[in-house]
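Here is how the chains run, residue by residue.
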Amino acid sequence: MAEFDFDLFTIGAGSGGVAASRRAASYGARVAICEGSRVGGTCVIRGCVPKKLLVYASQFRDAFQDACAYGWDSHVPAFDWPTLIANKDKEIDRLNGIYIKMLETSGVTLLPHFGRLIDKHTVEVAGKRYTAKNILIATGGWPSLPEIPGIEHAITSNEALHLGHLPHSILIIGGGYIAVEFASIFRGLGVEVTIMIRGEDLLNGFDDDIRVALAQELRNRGIEILARTKPVKVVEGAGGFTVTDHLGREHSAGLVMAATGRRPNTRDLGLEELGVEMDKGGAIRVDEWSRTNVDGVYAIGDVTDRMALTPIAIAEGRALAETLFNDNPMRISYDNVATGVFSLPPLGTVGLTEAEARARYAKVDIYRTGFRPMKHTLSGREERVLMKLVVDGESQRVLGCHMMGMDAPEIVQGLAIALNCGATKADFDRTIALHPSTAEEFVLLREKVADPQKL
Ligand code: FAD
């Protein structure tokens, strides 16, 4: 009889857990996975997918308005939020079903309950104990709220996807990508939007030029950005809520949303009892092989707070399965990971920001262009594109590509391949442009931006 019930027991059936479990099972491992909520996890159920469907919905107003200059009838048809939410839910149900089916056909045993570690080889699920040679923690994260009075009145991205009706106005606390994306969604659907941020600019960690340019575009769309402003209190009143800031000013809105970061799901998992090391924020500490400090216990995805993106969780999960069950030791690279922000207009970015490059390289060349895209020459829309290349001034390797503008995420995904191949500025230059397109500007950039240190 086998020593353990399973070769791998995964806690959490989100992007990472499902990918690791299926890959392990494909190599003949006996795999079980438990899920306390819905199979598919954050990305499918309450993240990337439903959000992107709402982004699509929010883009139609622009399209209807712009169509007028192209000869189409100019009226903007009525919008019905409940229809959008019902259709979105139907699609999420469909994907949830596909994920469950994929686990079944892969031969993975699905236990639809929360799990808890009992020891390094035992997981308890719904009162029953299962043993496994290896245990994988892939429990993801959950919105974290600022500790201020009245914050229980605020919704998070979870509830934003299920509102019964659209508010007339919303105040969003936070300036990360989730805040910016939901601000764009709500504004696109006609809601008055205010963003409240502690710092000067949105989107910490993104290239500064892009951050400034996006803030301007959002303002042009009527989104108010309250910079250097901290909320201290939320109070419910007639017809809405009032947020008081650190200067005592009051800001009213029909709805308040907190998009103030996420914390790893590590509470009540039995990790402390087992001695699994975590950082101050509760993220599980792992090495490059996704090993925790406890032998045979692994962690991947958002719960490790390395790079909180779906494709990263999937890649970490598959790498672990390769290592454990295919005699193919695999680690993943976190360099040149392309990311998008699905704001209006969207962002695409890969590689180093200008600030990161200047901190690491002796000489950095910057190429930048900003223009009004051809589509808006007729529509008259005052929306600009910004494109930027960050280049190592010595080797001429392209270190970063950043873009704000229509289709930026689609364009930058392709450029990520070039960066991973070590493309130089000369490689970009000898690439013939695809005309007429916005993307062609990335291979037509000639003039270096003056080095600020030499001005
Ligand atoms: P998750 O997908 O969160 O899965 C963890 C699962 O574990 C959950 O289903 C949870 O219910 C379950 N679980 C937790 N505790 C237990 C337990 N004790 N027992 C059993 N099950 C448990 N990423 C992108 O790449 N692109 C995007 O555009 C994007 N948009 C996003 C938008 C929003 C609003 C949010 C919130 C996130 C977005 N992300 C995006 C991030 C992405 O969703 C996550 O990085 C990804 O889902 C992480 O996968 P994971 O497997 O680590 O965790």
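Note that the coordinates shown come from a computational prediction; the quantities given were computed from them, not determined experimentally.

### A closer look at unusual backbone geometry
The omega torsion of the bond from L344 to P345 falls at -5°, within 30 degrees of zero and hence cis. Looking at where P345 falls in the secondary structure, it is placed in the loop between β17 (339-341) and β18 (347-351). P436 follows H435 through a cis peptide bond whose omega is -5°. Topologically, P436 is positioned in the segment after α13 (425-430). The phi angle at R228 is positive, at roughly 50°, despite the residue not being glycine.

### A short note on the packing of aromatic side chains
Counted under the stated rule, the structure contains six aromatic pairs. When the ring of F6 is compared with that of F9, the centres are 6.3 Å apart and the planes differ by 75°; the resulting orientation is edge-to-face. No difference in accessibility class separates F6 from F9, as the two residues are buried. Centroid distance F6 to Y130: 6.4 Å. Interplanar angle 45°. Geometry classified as tilted.

### Considering the sheet that holds strand β13 (residues 250-253)
Strands sit in the order β11-β12-β13 across an open sheet of three strands; the sheet is antiparallel. Every interior strand has two partners, whereas the edge strands, β11 (231-237) and β13, have only one. Neighbouring strand axes in the sheet, compared pairwise and without regard to direction, differ in orientation by 25° on average. Relative to β13, strand β12 (residues 240-245) runs antiparallel, the two sharing four bridges. Within the sheet, the bridge partner assigned to F241 lies in β13 and is A253.

### Overview of the nonpolar core
Counting 54 residues, the largest nonpolar core has I172, F186, V193, L202 and M257 as the members making the most contacts within it. With six residues, the top contributor of residues to this core is helix α6 (residues 177-188). With sequence-adjacent residues up to four places away left out, V193 is seen in contact with I170, I172, A183, F186, R187, G222, I223 and E224. Counting 21 residues, the second largest nonpolar core, distinct from the first, contains C34, L117, L271 and V294.

About the thresholds
- Residues numbered from 1 in each chain as written.
- Predicted model: local features only at pLDDT ≥ 70, side-chain atom pairs only at ≥ 80, totals over all residues.
- Heavy atoms only, no water.
- Helix = DSSP H or I, 4+ residues; strand = E, 2+ residues; numbered from the N terminus.
- Phe/Tyr/Trp six-rings, centres within 6.5 Å; stacked < 30°, edge-to-face > 60°.
- Buried < 20%, exposed > 50% of the residue type's maximum accessible area, 1.4 Å probe, protein only.
- Pairing = 2+ DSSP bridges.
- Axes fitted to C-alpha atoms, helices over the stretch in contact; angles between N-to-C directions.
- Core = buried A, V, L, I, M, F, W, Y, C linked by side-chain atoms within 4.5 Å.
- Contact = heavy atoms within 4.5 Å.

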